[in-house]
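Letter by letter, the chains look like this.
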Amino acid sequence: MLKISTRLDTLEESVTLAITAKAKALKAGGRDILGLGAGEPDFDTPENIKEAAIEAIRKGYTKYTPVGGIVELKDAIIEKFKRDNGLHYDRADVIVSCGGKHSIYNLFQALLNPGDEVIIPGPYWVSYPAIVTLSGGTPVIVSTTVATGFKMTPEAFATAITPQTKAVIINSPSNPTGAAYTKAELAALAALALKNGLLIITDDIYEKLVYDGFEFTSIASISDEIMCSSVVLNGVSKAYSMTGWRIGYAAGPRELISAMTKIQSQSTSNPASISQWAAVEALNGPQDSISSMTKEFVKRRDIMVDGLNAIEGVKCPVPSGAFYVFPDVSGLYGRNGITGSVSLSAYLLDTAGVAVVPGSAFGDDNSLRLSYATSLDTIVDAIERIAKAVK
Ligand SMILES: *Cc1c(COP(=O)(O)O)cnc(C)c1O
């Protein structure tokens, strides 16, 4: 028998896999399945961005590029940070990777030694603890609840810090909860991080998807001192509907970016040259596709939240950003053989033909994650079906 590395022993298999596989199988078998599991915008990549990619192919930009990205893209990223976040970086402070997830992977590979702890507020994006573990570190989850708007309080943060703590992850707006931190909330967390000499890792991938006039702040932008202790992660996947293009980026302390680039040089090399040119256009070109997208998202969000809150046993907070809702559904447990978020998800798939992601995948068994990156019709239909199924 082939023996797989022991590194995989501690790597948890995603709970979402079972549901996704089942949804696919049911669909293939002819069942009418409504998918609310999507982790990507359903809009097409804007035309000007596609054209830039086609142009890049025509111009023959189809060869290896510098490992950490072409200077045109680094400069577009530097300009974006200046324009949107008031952050000032040089080219050596920036790396372009094959998606934001890849930047995070490079980061933890470059940062962690065995025993190093990384504080992750929960509910969390599934890949954070997985990548920390794969990189030899120890994820320390600080669970939050709807009572604090799914946001980590300074008190909870302080309690989790040990001499082994090396870094803390902030993801605002959050996947899966859609919770977004205010500047004051971030400042309080940053003060604690600085006091304890921690690296702040801020995943700003949903920065553009905020609603109801919420003002996004990158924690790194609060002061120069905080910026020096922060790595900012971002990418074009969510803001420009470019998930398949695989372009993400990070900016932060030069020695860390350089170490990340070294790892990238011995693994993937440069991100796809054509995608890099598309990302240059995404960042430098017209930005109006973002506002049309957020307008549509907010409409869908409101219908989904209202529909869910009308179901007895479901409590759905209104998220400030991203394209997910994260309702507390524990009021439904104990009926219809439902014992938790995994069995509720399976039940909804079986009886209602609606695919959702169990909250346990994100460290919260009381909840479900439903994505509104799908059509209004699908949302209305899905909510109706869910309401009927859990009656
Ligand atoms: C989607 C997502 C990313 C990055 O996705 P890529 O497609 O790899 O750029 C990063 N963090 C969170 C929380 C996400 O939801």
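What this report covers is the structure whose coordinates are included nearby. (Residues numbered from 1 in each chain as written. Predicted model: local features only at pLDDT ≥ 70, side-chain atom pairs only at ≥ 80, totals over all residues. Heavy atoms only, no water.)

**Regarding the packing of aromatic side chains**
Phase 1: Tallying each qualifying case throughout the model produces 12 aromatic pairs.
Phase 2: For the pair Tyr-61 and Trp-277, a centre-to-centre distance of 4.7 Å together with 25° between the ring planes defines the contact as stacked. Within this pair, whereas Tyr-61 is found in the loop between α2 (47–58) and α3 (71–85), its partner Trp-277 is found in helix α10 (residues 273–284), the two being separated by 216 residues in sequence.
Phase 3: Residues Trp-125 and Tyr-128 carry aromatic rings whose centres are separated by 5.2 Å and whose planes lie at 75° to one another, so their mutual orientation is edge-to-face. In terms of burial, Trp-125 and Tyr-128 fall into one category: buried.
Phase 4: Clustering of aromatic rings is evident, with ring pairs tying together Phe-43, Tyr-206, Phe-297, Phe-323, Tyr-324 and Tyr-372. (Phe/Tyr/Trp six-rings, centres within 6.5 Å; stacked < 30°, edge-to-face > 60°. Helix = DSSP H or I, 4+ residues; strand = E, 2+ residues; numbered from the N terminus. Buried < 20%, exposed > 50% of the residue type's maximum accessible area, 1.4 Å probe, protein only.)

**Points about the site of the ligand**
Phase 1: Residues in close proximity to the ligand total 13 residues, the closest being Gly-100, Asp-203, Tyr-206, Lys-238 and Arg-246.
Phase 2: Here an oxygen atom of the ligand sits 3.0 Å away from a polar atom, N or O, in the side chain of Lys-238.
Phase 3: Protein chains bury 94% of the 390 Å² of accessible surface belonging to the ligand in isolation. (Near = heavy atom within 4 Å. Polar contact = N/O pair within 3.5 Å; in protein donor to acceptor, adjacent residues only side chain to side chain. Areas by Shrake-Rupley, 256 points an atom, 1.4 Å probe, with all protein chains shown as cover.)

**Description of the environment of Asn-171**
Phase 1: The topology assignment puts Asn-171 in strand β5 (residues 165–171).
Phase 2: Spatially, the C-alpha atom of Asn-171 lies 8.3 Å from that of Tyr-124, the residues being 47 residues apart in sequence.
Phase 3: Excluding anything up to four places from it in sequence, Asn-171 contacts Tyr-128, Ala-179, Asp-203 and Tyr-206.
Phase 4: Within the structure, Asn-171 has its side chain in polar contact with the backbone oxygen of Pro-173 (distance 3.3 Å). (Contact = heavy atoms within 4.5 Å.)

**A look at the pairing of strand β12 (residues 368–371)**
Phase 1: The alternating pattern of β12 places Leu-368 and Leu-370 and Arg-369 and Ser-371 on opposite faces, both of which are buried.
Phase 2: Where strand β9 (residues 324–325) lies against β12, 2 bridges are found, and the strand directions are antiparallel. Bridging across to β12, Tyr-324 finds its partner in Ser-371.
Phase 3: Bridge count between strand β11 (residues 357–358) and β12: 2 bridges; the pairing is antiparallel. Each residue of the ladder has a partner; that of Val-357, found in β12, is Arg-369. (Pairing = 2+ DSSP bridges.)

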